[in-house]
Each structure stands twice: as C-alpha cells, then as structure tokens.
Amino acid sequence: MNEAHDRAPQGVPRPLTTREREALIALVERGKPSDGTEISADDRKRWLEQVPSTHAGARCRCGTCPSIDLTDEAGTTADGDDRVVLEASAEGALLLLFVDDGRFSYLELAPLDDDVSFAEFPEPSTFTF
C-alpha cells in the first residue's frame, strides 16, 4: 500500500462498486505477483470465494486515484506478515491488489504521471497482465 496516500476516515463499509468488483476479480484471476513467485490455482480460487463478502472501506484522499481499503462487512481490515501483491497495468496506471494473510486488504490504482487522475478503476478489459 502506498503509505504516502492519506486515507479518508473509516466509515461504515459499503458494497464494492461494479468497477471495483471487476478490478478485484481481474487481479485475482490474472494478476502477476510483484515478487515473481507463482500463485496456485487453489489460492486464486480461495480468494475469488472472498469477493462476495468484500466491502470497500476507507478511500485514499490523494485526489488522483480511487484506491480503497478492502474490508469485511463489519469493517475489519486484514493486516499480517504474509503479504502477496498482485499487479497489472492500464494506460497511465499501475494496479495493485494487496492480500495479507490470505485476505484482501487494499486495492490500489497508482497513476504513473503526477498530472493524471482517475475517478474510478479502468475497465478490466484494458488491463495488461
């Protein structure tokens, strides 16, 4: 997670938007681990099973991205020592999904140019894996 981004105060978790859900699923299904390790089909299947119960928590307040904490319905965020980061790219941005101790923790869109902003996640059909 980009610690330089301020996050909005944690409120009541909300359901993911369609675009957030699509980005999450695309990264789980096809995202490449940032450290080059292999992700098993069982891990990807287990993570996909979490999607229906995943909610959006605090949103980044940088003003240039739609990045969000990922929580459960109660607003609990994952935090752990065993981290997997899945990545993809889209025009002008890097997409990252953080999975901590087997649970989603953060969905990030990092603009590659300081002068570009994104109001929402791009269409997953535009992702490069």
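Definitions and limits used
Within any chain, residue numbers begin from 1 and follow the written order of that chain's sequence. At least 70 in pLDDT is required for a residue's local features to be given in this predicted model, at least 80 for side-chain atom pairs to be given and counted, and no such filter applies to totals for whole chains, interfaces and linings, which use all residues. To obtain the side-chain values, all non-hydrogen atoms of the structure were included, while hydrogens and water were left out. Each helix corresponds to a stretch of at least 4 residues labelled H or I by DSSP, and each strand to a stretch of at least 2 residues labelled E; elements are numbered beginning at the N terminus. What counts as an axis is a line fitted to C-alpha atoms, over the stretch in contact for a helix, and the angles between N-to-C directions run from 0 to 180 degrees. Note on terminology: angles under 35 degrees are roughly parallel, angles over 145 are roughly antiparallel, angles of 65 to 115 are roughly perpendicular, and the others are oblique. Left-handed describes a crossing whose near helix is turned anticlockwise from the far helix by less than a right angle; the clockwise case is right-handed. Residues count as neighbours in contact if any of their non-hydrogen atoms are within 4.5 Å of one another. Each residue gets one of three labels, nonpolar for Ala, Val, Leu, Ile, Met, Phe, Trp, Tyr, Cys and Pro, charged for Asp, Glu, Lys and Arg, and polar for the others, Gly among them. A pair of strands is considered paired only if DSSP assigns at least 2 bridges between the two.

Enquirer: Sorry, what's going on with unusual backbone geometry here?
Expert: For residues other than glycine, phi is negative in most cases, and the peptide bonds are mostly trans. Even without being glycine, Asp101 reaches a positive phi, approximately 50°. By the secondary structure assignment, Asp101 is in the loop between β6 (93–100) and β7 (103–111).

Enquirer: Explain the packing of helix α1 (residues 18–30) against helix α2 (residues 41–50) to me, please; I cannot follow it from the model alone.
Expert: The interhelical angle for the contact between α1 and α2, taken along N-to-C directions, is 165°, at an axis separation of 9 Å. Overall, the two elements α1 and α2 adopt an arrangement that is roughly antiparallel. Read as a crossing pair, α1 and α2 show a hand that is left-handed. Mapping the contact onto sequence places Ile25, Leu27, Val28, Glu29 and Arg30 in α1 and Arg44, Trp47 and Leu48 in α2. A class-by-class count of the residues in the contact of α1 with α2 yields five nonpolar, no polar and three charged.

Enquirer: Explanation requested: the sheet that holds strand β3 (residues 55–59) in the structure shown.
Expert: Within the open sheet, the seven strands sit side by side as β1-β3-β4-β7-β6-β5-β2. Their pairing is antiparallel. Edge positions in the sheet fall to β1 (14–15) and β2 (32–33), since each has one partner strand and no second. Where β6 lies against β7, eight bridges are found, and the strand directions are antiparallel. Looking at the pairing, Leu95 lines up with Leu109 of β7. Packing of α1 onto the sheet brings it into contact with β1, β2, β3, β4 (68–71), β5 (83–90), β6 and β7, and relative to β7 it is tilted by some 105°.

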